[in-house]
There are 2 protein chains.
Amino acid sequence: MQMTGLLWTQDDMARIRDHADTPSQLGVTLGELTAEVEAAMAAGVVVPGQGEPGSFEHNTHKQNAKLIEHAALMGRVANNRAYLELARELLLAYAAEYGDMPYQVARNTNPPGKLFHQILNEHMWLLGAALGYSLLREDLGDDDRARIESGLFEPMLDMFTVTYAHDFDRIHNHGLWAVAAVGICGLVIGQTRYVDQAIFGNAGDGHTGGFLAQIDNLFSPDGYYVEGPYYHRFAVHPLCLFAEALALHRPKLNIYERSSRRIGRSIRALLATAYPDGTFPALNDASRTMGVDDEGVRVALAVHLGRYGAEPEVVAMAARQNGTWVHRFGERVAAALEGAPASCSIPSALFADGSGGQAHLKQGEGARRHHLVVAAGQHGMGHGHFDQLGLSFFSGGRERLTEYGFCRWVNVEPKFGGRYLAENEGYAKQSVAHNLVVVDQASQHRGDHQLADRCHGRIERFIDRYEVDGLSAVSAMTDDAYPEVELRRHCILLTLEPCAPPLLIDVVEARGSARHCYDYVFNFSGQVIRWWGGFSARESLEVLGEAHGYQHLWVVGEQQALAGEPSTHAMTWLDGDRFTTWHQCSEQSAVAMQLLVGANDPEHNLRHEKKVMTRVHSETNLFVNVFEQHGHFDEASETCLNARPELRHVDVTRSPAAKIEVTLHFAQRSETLTIDPEALSGDDFVSLAGRES
Amino acid sequence: MQMTGLLWTQDDMARIRDHADTPSQLGVTLGELTAEVEAAMAAGVVVPGQGEPGSFEHNTHKQNAKLIEHAALMGRVANNRAYLELARELLLAYAAEYGDMPYQVARNTNPPGKLFHQILNEHMWLLGAALGYSLLREDLGDDDRARIESGLFEPMLDMFTVTYAHDFDRIHNHGLWAVAAVGICGLVIGQTRYVDQAIFGNAGDGHTGGFLAQIDNLFSPDGYYVEGPYYHRFAVHPLCLFAEALALHRPKLNIYERSSRRIGRSIRALLATAYPDGTFPALNDASRTMGVDDEGVRVALAVHLGRYGAEPEVVAMAARQNGTWVHRFGERVAAALEGAPASCSIPSALFADGSGGQAHLKQGEGARRHHLVVAAGQHGMGHGHFDQLGLSFFSGGRERLTEYGFCRWVNVEPKFGGRYLAENEGYAKQSVAHNLVVVDQASQHRGDHQLADRCHGRIERFIDRYEVDGLSAVSAMTDDAYPEVELRRHCILLTLEPCAPPLLIDVVEARGSARHCYDYVFNFSGQVIRWWGGFSARESLEVLGEAHGYQHLWVVGEQQALAGEPSTHAMTWLDGDRFTTWHQCSEQSAVAMQLLVGANDPEHNLRHEKKVMTRVHSETNLFVNVFEQHGHFDEASETCLNARPELRHVDVTRSPAAKIEVTLHFAQRSETLTIDPEALSGDDFVSLAGRES
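The shown structure was predicted, so the numbers you read here are calculated from the model rather than taken from an experiment.

Analysis parameters
Residue positions within a chain follow its written sequence, with the count starting from 1. Chains and ligands are labelled sequentially in the order written, the chains with letters from A and the ligands with numbers from 1. For a predicted model such as this one, the threshold for reporting local features is a pLDDT of at least 70, and the threshold for listing and counting side-chain atom pairs is 80 or more; totals across whole chains, interfaces and linings nevertheless cover every residue. As a rule here, side-chain values come from all non-hydrogen atoms in the structure, and water together with hydrogens is ignored. Cysteine sulfur atoms are paired as a disulfide whenever they fall within 2.5 Å. A simple rule labels every residue: compare its accessible area, found with a 1.4 Å probe on the protein chains alone, to the largest value its type can have, and call it buried under 20%, exposed over 50%, or partly exposed in between. The rule for pairing is simple: two strands pair if DSSP sees at least two bridges between them. Put simply, DSSP marks the helices as runs of H or I at least four residues long and the strands as runs of E at least two long, and each gets a number from the N terminus on. With axes taken as lines fitted to C-alpha atoms, and helix axes fitted only over the stretch in contact, angles between N-to-C directions fall between 0 and 180 degrees. Contacts between residues were defined by any pair of non-hydrogen atoms, one from each residue, lying within 4.5 Å. Defined in terms of a 1.4 Å probe, buried area is the accessible area two parts forfeit on being brought together, summed over both. The term salt bridge refers to a pairing of a side-chain nitrogen on Lys or Arg with a carboxyl oxygen on Asp or Glu at a separation within 4 Å. Between N or O atoms, a polar contact is any pair within 3.5 Å; within protein, one atom must be a potential hydrogen donor and the other a potential acceptor, and residues adjacent in sequence are included only when both atoms are from side chains.

Trainee: Would you take a moment to explain the state of the cysteines for this structure?
Mentor: Residues and elements named next belong to chain B. According to the stated counting rule, one finds zero disulfides over all chains in the structure shown. Take C491: it sits in no disulfide, and the sulfur closest to it among the cysteines is that of C585, at 17 Å. Among the residues examined, C491 registers a relative accessible area of 0% and is labelled buried.

The structure is reproduced here in structure tokens:
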């Protein structure tokens, strides 16, 4: 096997070359990289000085690391000397500047680099540049090698492993980038001590730090990543690159087998979280548009195909990517897609995170299928949101019960340099920003990250009988989010005539030892069509509360309970081409409010999004909610069907044995769903009985 | 020429058949119609009773008229007897029911039909059914013919021409549907008196009513239609169908030559209003998604190609359609598209409407090109908005300065039966809903449609030097929208380094004989990035005013003038992947407010949209605004460039000779634009001089 650079063989390059100018995913990426490199050739080498986050300088340094990698890679794929020369010139230009460059000023808790204000970016820079350099090195003269290695790479390695040694062993996504950058660069320049330090950590024991410790500890045995999919996709990128480098150059480590094949589990766990359109649910700090087409996921998915196999659900996610890794495993992705079925059903998934867990209920096929996420696990460290038992729901091509995501415009310089905004703590992380029940108008764990990191929810039941009777369900609980309050949530996806998409039945039991304020909250997009049974709009919009995110909410209006107890509410909204009706039956009398996000936001850092809250004051309450999607509206063609819900109303009774009976009344018949929280087996905990009426 | 039905020959059918199962636009439509007819075959004939607007019954009747036409047409195209039989069965089922069916209850100012609550729908029904019947008639026995013609068509014709004779001559889009339906049905069943009445009107003179009078009077000599593009596309549908029927069956009328080829002018005028993505600007009552893919526009565009020619800009709009008319002219469309260039530049256009006019400035190529609309013409009858000198702007694939459109969800039954909502009068039509200057917080013409219909603005200058020096401009005025106030607007699109998309320079001169309140208003979508120079957010949102649409606006916050006089304001927002910065320089000291639509809306009939208003109290004022688009943001890939504007600030001075000098200050240089409202020729009225700084 004749290597060309760290991760490619000469044979690989030939096979990759065959995809040039073809419409395969690999061909598309080759075209894009060629265009990028050609544009850079036309513009010439630009190595600017130091700049602010999001500035021209910052952006150009980031692009240059990519450019070194891509120019070198396309130089080898296309046998183009000019491309290789561009990569060399860039490396030499950085080597000439780097030594004398002062450290940047730190802008957050990260230590500063020289090119960037946080060392993380410098790690990423080195990783890309080292991969590019690996493709040039054999052709370079000693003088060039010395200038690049001692002028650029060695000082960086020294900074990362000595100056910032205290940070090198941190089990964290930043730590993973650090060890991957150091390890890969060490392999490329043949400096074994850096490679060993990267693999085994500062202490050399493989447990307290280094890549092996990261694999063992950063992901749960199921592959779950505590910070959420947005950071998971960021972590799998160095994970897979360094793993592949070690598989080729330190094969005795058997890296892909490590910890019961933890790397493969982690890739599958990440892909399983993705919505049908390929975007990731915005769990914890996350953008609402990040998805499987991210570069890190391209690499991870290709590695999975190359090293673990081409499961249909993995290949289905590849179909949501617009390109792939330029590598022999990317070639595998392109090949797998050629033979893949147009659509396949994706299994539901439950991830244990070591203590709590995260459930993904899935029904249907194709991009318009249904995906419910219920989180009841670990908090997510500094990026965690206070959203135990939070829920989000995607169906018919859109997120119907929405996550707000983070409050940040990444790399948008006038928005606080693209960093996290104050409203991220003020609103986005707070419990009230999520789809759940807030107790006493306060966030879970008092909004204290350290406390929250020590606690977790539990998934108590998880069943997937979609193929049998159209029913999938998950039951989760937390008893430590609020002192002396137990919250239990039962979520059921039910495909049931006469409803076309599945009903989402969402039952929340709140049980306190004293009287509390319980706020059932959900978030949605689109236009309210009607509150059934009346609505009082406020003329002026007042702020709802004073803290824990409530200070950022305006009250648009309210609907009093339609009856006594149980009290009911119903509202239909239109989002895109589909209507959704929310039906609620609350054991205690509830007031429903329509809210708007955006109060106390002088810097316009919040999006004006809509939400509904129903409020109850009592010791215990049972909120039974049914979200029914129905009908179709196409504004451009002015066609509309079934703008009214099929479900007429919802009843709830509690049997003496604490069973919850939810009756769904349709025009022609009714259907009773019995939830038995005491049932010992998962399968008994929900049952269904229909009746003509 | 052997006809098959009213509008097709046997040869046509053969040529159309060749497109089946091909990806041409005609092939796509054939596939869709086949699927529609096959689905109806599987479901069987359903002829329901009477229902509410938007109900199942209402929708089914509408679909059945289409189905009669499409089943008959596809029966002939595909030589499928079963399809023809389906069309026959439907016609016979309606013929059996129609006679005894009572009249519906009227729901608006339209007289009621039997199948539908407004006669307009019944006209549309007859037109489709008669076209379908024309394809069956030769094969039917005398008994079937008699049942259909005397049981269904004759009663309808009698209702339209006798019962509602008083409505038949109305020069209006409804009148056009009436004469087209009656004339086409008359031709199909060979009843000359109906055909003559449809062509020449009740009086038979060809002037006071009928199709010829509609052609002469409904559209201006330039083809402009006063109700706006949304209703224009609705009016061209019967216009073109009946014209084509007459061209084939009453060739001596030379219908396509009538009134200096008025039909062709009208089609071109409609197509010229369309934005680069094919949607129509929402001028007057209109949805924001209606576009050239509407069925009426498909027919009109095909007729243009068949009868008037395949101008590049007409073919370019065909490329925004997803299908075409199943007719030999649709075959022409498919053929024209095969040879068409991927992109072409579309000329700017000015339409005189008989008194005022409407300007469409266009720059660039492709779907991301730029299109500015300035309206200064007739009011638009009952569908008119009080928006003299109103402006809308599309660029980079989106409307950047937005029209609100109508307040209506067509066919969404729970929204007042899909009809116009009270907030259409309350907000959408009012001046403050548009992009213009409102005087004394009141709508133009006091919000009185009859008064407005008697007035109009004027386009005073119109120049398109885009190919010469990157400058297009229009100047418009009104002196009757408000008593003793003259408003003049100069809009300039200027492609100018270092800005990538053209700058929109918008100068409004307000001149009153006494002190007035002048509110400069614009509407936008997306997220405010920053108000440059500070902003005071309100904690509670109060309503801005009490009437003329102001009662539906909340004040989110305000920015005091950044300097004395002239006072300046600047705000950057992000919409999709692009930033826009609004720079304003006001001669008199102004306060800027950010507003939110949605106050006093208990039924949720308004969309929560954003707007900005700057307010001045003075006798006269000059508002100079520059809208600068800049940068690029891709949230999913987290890349951002040029989030800050290139333009540093804007100055304005008035020379003794009343010339307006607007100076644009960039980092490296400045550019002075001189507007001379007194200049006699269009070309002198704007000039440009740059200076390094």
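From this point, the narrative continues.
Trainee: Is there a simple way to think about the sheet that holds strand 4 (residues 357-363) of chain A in this case?
Mentor: Residue and element names in this part refer to chain A. The strand order across the open sheet built from five strands is 3-4-5-6-7, with neighbouring strands paired in antiparallel fashion. Edge positions in the sheet fall to strand 3 (349-352) and strand 7 (398-401), since each has one partner strand and no second. Going across the sheet, the axis of each strand differs from the next one's by a mean of 20°, ignoring polarity.

Trainee: Looking at this structure, how should I read unusual backbone geometry?
Mentor: In terms of backbone geometry, most residues other than glycine have negative phi values and most peptide bonds are trans. Geometrically, the link from E497(A) to P498(A) is a cis peptide bond, its omega value of 0° lying close to zero. You can see P498(A) is positioned in the loop between strand 11 (485-494) and strand 12 (503-524). Although it is not a glycine, N600(A) sits at a positive phi angle of roughly 50°. Checked against the element boundaries, N600(A) lands in the loop between strand 18 (591-597) and strand 19 (610-630). The residue H548(B) is not glycine, and still its phi comes out positive at about 55°. Its place among the elements puts H548(B) in the loop between strand 14 (536-543) and strand 15 (553-559).

Trainee: Just checking my understanding: could you explain the interface of chain A and chain B for this structure?
Mentor: Frequently, the measure chosen for interface size is the accessible area that the parts lose on association. Counting residues at the interface gives 50 residues for chain A and 51 residues for chain B. Between chain A and chain B, the buried area comes to about 4,300 Å², and carbon and sulfur atoms account for 53% of it. It is P414(A), H604(A) and E638(A) in chain A that bury the most area against chain B; as a group they hold 16% of the surface buried on that side. Put simply, E413(A) and R644(B) hold a salt bridge, and the shortest N to O gap is 2.7 Å. Taken together, the links from chain A to chain B amount to 27 residue pairs in polar contact (both at pLDDT 80 or more). Here the side of chain A that touches chain B takes six residues from strand 14 (residues 536-543) of chain A, the largest share from any one element.

Trainee: In this structure, what is going on with the pattern of salt bridges? I would like to understand it.
Mentor: Residue and element names in this part refer to chain B. Overall, the coordinates contain 72 salt bridges over all chains when judged by the stated rule. For R233, the salt bridge is made with D294, and the minimal N-O distance between the two is 3.1 Å. Of this pair, R233 sits in helix 11 (residues 229-249) while D294 sits in the loop between helix 12 (258-273) and helix 13 (295-307), and the two are 61 residues apart along the sequence. Note on accessibility: R233 and D294 belong to one class, buried. A salt bridge links R488 to E460; its shortest N-O distance comes to 3.0 Å. With a gap of 28 residues between them, R488 in strand 11 (residues 485-494) and E460 in strand 9 (residues 458-465) connect regions that are remote in the sequence. The partly exposed category is assigned to E460, whose relative accessible area is 24%.

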